[in-house]
Amino acid sequence: MSQCIFCAIAAGDLPAEVVHRSERFVAFRDIAPKAPVHLLVIPVQHVASIAGADGLDAADRAEMPVFIAETARRAGLEDAGYRVATNHGEHARQAVFHLHWHVMGGALLSETM
Ligand code: AMP
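Just so it is clear, the structure is predicted and the values come from calculations on it, not from any experiment.

1. Observations concerning the overall build of the protein
Now for step 1: Tallying secondary structure elements over the protein gives two helices and five strands in all.
Now for step 2: Listing every helix and strand of the protein by position from the N terminus yields α-β-β-β-α-β-β.
Now for step 3: Against the globule reference of 13 Å for 113 residues, the protein gives a C-alpha radius of gyration of 13 Å, in line with a compact fold.
Now for step 4: Each principal axis of the C-alpha distribution contributes one length, and for the protein these read about 35 × 30 × 30 Å.
Now for step 5: Within the protein, the proportion of its 113 residues that are buried is 38%.
Now for step 6: Contacts in the protein between residues at least 24 apart in sequence constitute 55% of all its contacts with a sequence separation of at least 6.
Now for step 7: Surface summary for the protein: the accessible area is close to 6,600 Å², and the carbon and sulfur share equals 54%.
Now for step 8: Considering the protein, the positive charge centre built from 9 side chains and the negative charge centre built from 13 side chains are found 2 Å apart.

Here it is as structure tokens:
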């Protein structure tokens, strides 16, 4: 099994509540949600964070925003709105070093996150 937990989830080696998947991306529920709906979107290809996005295939880079928006739409978040965020490094408190996008909604979110 991969050392990276999100690579393991993408490979199906670690259980996760997957809500949407393509050949290149996986969306699943955050294990410790910080909003009523809290999803994570990851590229199957491993890069540590947004700072490594130039290491993704061009097709990944093209699909990424479209996949994120489609994930939010399928989760029923589009009308009321949602937040998309990613953390890089210590000051952002990044805890998992595989690029992931937090997709959060389902309530009026804090102004300060
Ligand atoms: P970050 O601080 O941006 O690195 O956030 C990592 C996120 O991954 C946190 O919100 C965690 O709750 C979430 N997380 C960690 N392990 C898992 C897991 N096995 N399945 C789902 N979400 C996870």
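Back to the write-up after that little detour.
2. Comments concerning the packing of aromatic side chains
Now for step 1: Applying the stated criterion across every chain yields a total of two aromatic pairs.
Now for step 2: Both rings, one in Phe6 and one in Phe28, keep their centres 5.3 Å apart while their planes meet at 75°; by these two values the pair is edge-to-face. A residue pair is termed long-range when its members are at least 10 positions apart, and Phe6 in helix H1 (residues 5-11) and Phe28 in strand E2 (residues 25-29) qualify at 22 residues.

3. With respect to the nonpolar core
Now for step 1: In terms of nonpolar packing, the biggest core is built from 16 residues, with Val41, Leu56, Met64, Ile68, Leu99, Trp101 and Val103 touching the most fellow members.
Now for step 2: No other element matches the four residues that helix H2 (residues 58-74) contributes to this core.
Now for step 3: Not counting the four nearest positions on each side in its chain, Leu56 is found in contact with Pro43, Gln45, Val47, Arg61, Met64 and Leu99.
Now for step 4: By size, the runner-up hydrophobic cluster in this structure holds 10 residues, among which are Cys4, Phe6, Ile42 and Val96.

4. Looking at the state of the cysteines
Now for step 1: Counted by the stated rule, this structure contains zero disulfides.
Now for step 2: In this structure Cys4 is not part of a disulfide, and its nearest cysteine sulfur, from Cys7, lies 3.8 Å away.
Now for step 3: For Cys7, a relative accessible area of 18% translates into the label buried.

Thresholds, definitions, all that
Residues numbered from 1 in each chain as written. Predicted model: local features only at pLDDT ≥ 70, side-chain atom pairs only at ≥ 80, totals over all residues. Heavy atoms only, no water. Helix = DSSP H or I, 4+ residues; strand = E, 2+ residues; numbered from the N terminus. Rg over C-alpha atoms; globule rule 2.2 N^0.38 Å. Buried < 20%, exposed > 50% of the residue type's maximum accessible area, 1.4 Å probe, protein only. Contact = heavy atoms within 4.5 Å. Areas by Shrake-Rupley, 256 points an atom, 1.4 Å probe, with all protein chains shown as cover. Lys, Arg positive; Asp, Glu negative; His and termini not counted. Charge placed at Lys NZ, Arg CZ, Asp CG, Glu CD. Phe/Tyr/Trp six-rings, centres within 6.5 Å; stacked < 30°, edge-to-face > 60°. Core = buried A, V, L, I, M, F, W, Y, C linked by side-chain atoms within 4.5 Å. Disulfide = S-S within 2.5 Å.

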